[in-house]
Amino acid sequence: MAAAKIAVFWHDGMLCHDPGSGVFDTGFDPGFLDVLDQHPENADRVRNMLSILKRGPIAPHISWHPGRPAAVPELLAFHTPEYINELIKANKLGGREICGGTFLNPGSWDAALLAAGTTLSAMKYILDREGKIAFALVRPPGHHAQPTQADGYCFLNNAGLAVQLALNNGCKKVAVVDIDVHYGNGTAEGFYRSDKVLTISLHMNHGSWGPSHPQNGSVDEIGEGEGKGYNLNIPLPNGTGDRGYEYAMTELVCPAIDKFTPDIIVLVAGQDSNAFDPNGRQCLMMKGYRKIGQIIRALADKHSGGRILIAQEGGYHLTYSAYCLHATLEGILDFPAPLLDDPIGCYPEDEAFPMKVVESIRKYQMENIPFLKRSS
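Here the structure is a predicted model, which is why all the values come from computation and not from measurement.

**A few points about the sheet that holds strand β11 (residues 264–269)**
One open sheet holds the eight strands; their spatial order is β4-β1-β7-β12-β11-β8-β9-β10, and the pairing between them is parallel. Looking at strand neighbours, the two that pair on one side only are β4 (62–66) and β10 (231–236), the edges of this open sheet. Each neighbouring strand pair of the sheet contributes to a mean axis angle of 15°, computed without reference to strand direction. Here strand β8 (residues 174–178) runs beside strand β9 (residues 197–204); their pairing, made up of five bridges, is parallel.

**A word on the environment of glutamate 313**
Along the chain, the position of glutamate 313 falls in the loop between β12 (308–312) and α9 (320–333). A relative accessible area of 0% places glutamate 313 in the buried class. In sequence terms glutamate 313 and alanine 269 are 44 residues apart; their C-alpha atoms lie 5.6 Å from each other. Aside from chain neighbours lying at most four places away, what touches glutamate 313 is Arg45, Pro141, Gly142, His143, Cys154, Asp180, Val268, Ala269 and Gly270. A distance of 3.0 Å separates a polar atom in the side chain of glutamate 313 from the backbone nitrogen of histidine 143.

**Quick word on the packing of aromatic side chains**
Overall, the coordinates contain eight aromatic pairs when judged by the stated rule. Seen in terms of ring centroids, phenylalanine 276 and tyrosine 320 are 5.5 Å apart; in terms of plane orientation they differ by 80°. Their pairing is edge-to-face. Separated by 44 residues along the polypeptide, phenylalanine 276 in the loop between β11 and α8 (286–303) and tyrosine 320 in helix α9 bring together distant segments of the chain. Here phenylalanine 276 falls in the partly exposed class, since its relative accessible area comes to 26%. Given a relative accessible area of 1%, tyrosine 320 falls into the buried group. Through pairs of rings, three or more aromatic residues link up here, namely Tyr230, Phe260 and Phe371. Between lysine 54 and the ring centre of tryptophan 64, over which it is positioned, the NZ or CZ distance is 5.3 Å. Lying over the aromatic face of phenylalanine 260, lysine 173 brings its terminal NZ or CZ to 5.2 Å of the ring centre.

**Remarks on the environment of tyrosine 192**
Inspection of the secondary structure puts tyrosine 192 in the loop between α6 (185–190) and β9. Measuring from C-alpha to C-alpha, the distance between tyrosine 192 and aspartate 180 comes to 19 Å, with 12 residues separating the pair along the chain. Residue contacts for tyrosine 192: discarding those within four places in its chain leaves Glu221, Ile222, Gly223, Glu224, Gly227 and Asn231.

**A word on the pairing of β12**
For β12, the buried fraction is high: five of the five residues fall into the buried class. Direction of pairing for strand β7 (residues 133–136) relative to β12: parallel, over a ladder of four bridges. Its bridge partner being in β12, alanine 134 is matched across the sheet by leucine 309. In this sheet, β12 lies alongside β11 in parallel orientation, the contact comprising five bridges. Paired with isoleucine 265 across the bridge in β12 is isoleucine 308. Following the backbone out of β11, through α8 and into the adjacent parallel β12, one traces a crossover that is right-handed.

**Section: helix α4 (residues 108–127)**
Here α4 spans 29 Å end to end across 20 residues, near enough to the 28 Å set by a 1.5 Å rise per residue. Backbone geometry just after α4 places arginine 129 at a positive phi near 65°.

**Considerations on the nonpolar core**
By size, the foremost hydrophobic cluster in this structure holds 112 residues, and its most contacted members are Leu156 and Leu202. Ignoring any residue separated from it by four or fewer positions in sequence, one finds leucine 202 in contact with Val177, Asp178, Ile179, Asp180, Ile234, Leu236, Tyr245, Ala248, Met249 and Val253.

**Some remarks on the side chain of asparagine 42**
By the secondary structure assignment, asparagine 42 is in the loop between β3 (37–38) and α1 (43–55). Residue class for asparagine 42 comes out buried when judged on its relative accessible area of 7%. The contact partners of asparagine 42, leaving out residues within four places of it in the chain, are Arg139 and Leu318.

**A word on a nonpolar patch on the surface**
Taken together, the side chains of Val23, Phe28, Phe32 and Leu33 make up a nonpolar region of the molecular surface, amounting to roughly 410 Å² of accessible area. Note that leucine 33 resides in the loop between β2 (21–22) and β3. Given the relative accessible area of 40%, leucine 33 is considered partly exposed.

**Here's the deal with unusual backbone geometry**
Look at the link from arginine 139 to proline 140: it is a cis peptide, with omega at -5°. Looking at the element boundaries, proline 140 is found in the loop between β7 and α5 (158–168). Even without being a glycine, threonine 261 presents a positive backbone phi close to 50°. Of note, threonine 261 is situated in the loop between α7 (242–260) and β11. Owing to a relative accessible area of 32%, threonine 261 belongs among the partly exposed residues under this scheme.

Cut-offs and rules
- Note that residues are indexed from 1 along each chain, following the sequence as it is written.
- Thresholds applied to this predicted model are a pLDDT of at least 70 for local features of residues and 80 or more for the giving and counting of side-chain atom pairs; totals over whole chains, interfaces and linings are not thresholded and use all residues.
- Side-chain measures here rest on the full set of heavy atoms in the structure, leaving out hydrogens and waters.
- A pair of strands is considered paired only if DSSP assigns at least 2 bridges between the two.
- Secondary structure elements are taken from DSSP: a helix is a run of H or I of four residues or more, a strand is a run of E of two residues or more, and numbering for both begins at the N terminus.
- All axes are obtained by fitting lines to C-alpha atoms, using only the stretch in contact for helices, and the reported angles, taken between N-to-C directions, cover 0 to 180 degrees.
- Categorising residues by exposure relies on relative accessible area from a 1.4 Å probe, with only protein chains included: less than 20% of the type maximum marks a residue as buried, more than 50% marks it as exposed, and the intermediate range marks it as partly exposed.
- Contacts between residues were defined by any pair of non-hydrogen atoms, one from each residue, lying within 4.5 Å.
- Polar contact criterion, stated in full: a pair of N or O atoms within 3.5 Å, where within protein one must be able to donate a hydrogen and the other to accept it, and residues adjacent in sequence count only if both atoms are side-chain atoms.
- Aromatic contacts are taken between Phe, Tyr and Trp rings whose centres are within 6.5 Å, Trp giving its six-membered ring; a plane angle under 30 degrees counts as stacked, one over 60 as edge-to-face, and the others as tilted.
- Only when the NZ atom of a Lys or the CZ atom of an Arg is both within 6 Å of the ring centre and within 35 degrees of the ring normal do we say a charge sits over the ring.
- Assignment of crossover handedness uses the view with strands pointing away from the viewer, where a clockwise path from the first strand over the helix to the second indicates a right-handed crossover.
- An expected span of 1.5 Å times one less than the residue number is assigned to each helix.
- To qualify as a nonpolar core, a set must consist of buried Ala, Val, Leu, Ile, Met, Phe, Trp, Tyr and Cys residues joined through side-chain atoms within 4.5 Å.
- Note that patches include only residues with greater than 30% relative accessible area and no salt bridge, and the join distances are 9 Å for like charges and 5 Å for nonpolar side chains (Val, Leu, Ile, Met, Phe, Trp, Tyr).
- Only the protein chains shown count as cover for residues, and the accessible areas themselves come from Shrake-Rupley with a 1.4 Å probe.
- What counts as a salt bridge is simple: a side-chain nitrogen of Lys or Arg found within 4 Å of a carboxyl oxygen of Asp or Glu.

This is the structure:
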């Protein structure tokens, strides 16, 4: 039976992070353009997510809860003291570009602390048995932030901190499913040597983009030591749409979680896999996001007593990202029919090639991932 409510955690202070403007996400003004882009990770994208949850058809199924800033000692559960001190120092000096496209400006550090603390509050809500499903509507995003460095608009790994909180409070196993269009490299790096956290990332096949993002997100990055086999990368070809993502979820994600049997599932939800996002090259529509939500809900009901933490990540189309978030949460609530129609409708997709890629990934995993090869 579908849950009556999703507990959404939010704090207006996260709107104070302003990464500026320029040519896309560079902060560069060439001097000959009359109109510059807002940085993709701007406050307006989340304002629309906030408003669609407050005034859209899903609103009666939402309960609202206040966020809070994380205390610096809480951050050390995932990040190194040296890295946190670097961010604190940069903030005191008025901010700077920490890495490519990732700007710590006045107000950014306070917003990052709020994003981390709000995600921790959402996880605590579940751990304290106040409810089973919580959504941390947060920015700046976090899944690229590694223990020792920032990356890809991310300063603090909100989901990673929440996962560690769950482990510290009695959860023996946590599964992370990341559907952002980019590889969740920071979360993966944080638990790369652990068999207590299964990190699964479905992303476009973009590879490394420099020193801040040395990971490739390839199928052979499977973890190390005790964590060998517990990082599953699913790099999907550009243009993978609703049917390709559903096939990957059904054929790769579901069997892995069925084997792992987590105590809680963390859905790292970016809407930048949608067909119209400026920062991705995938073709998901609302229907695809709704189906992903339904699959995650079924897995949680089967294995983790229905417990799901959802953490907001990317999604940079100002209007359609909000619609795709709405659809994801509709799926999580497992409504029998859509509450909100897709304003765009459909986008052509080639499902044959993505399915061949999924099959090749499955073959690799069955040959190389020990826990998938074990009999139940």
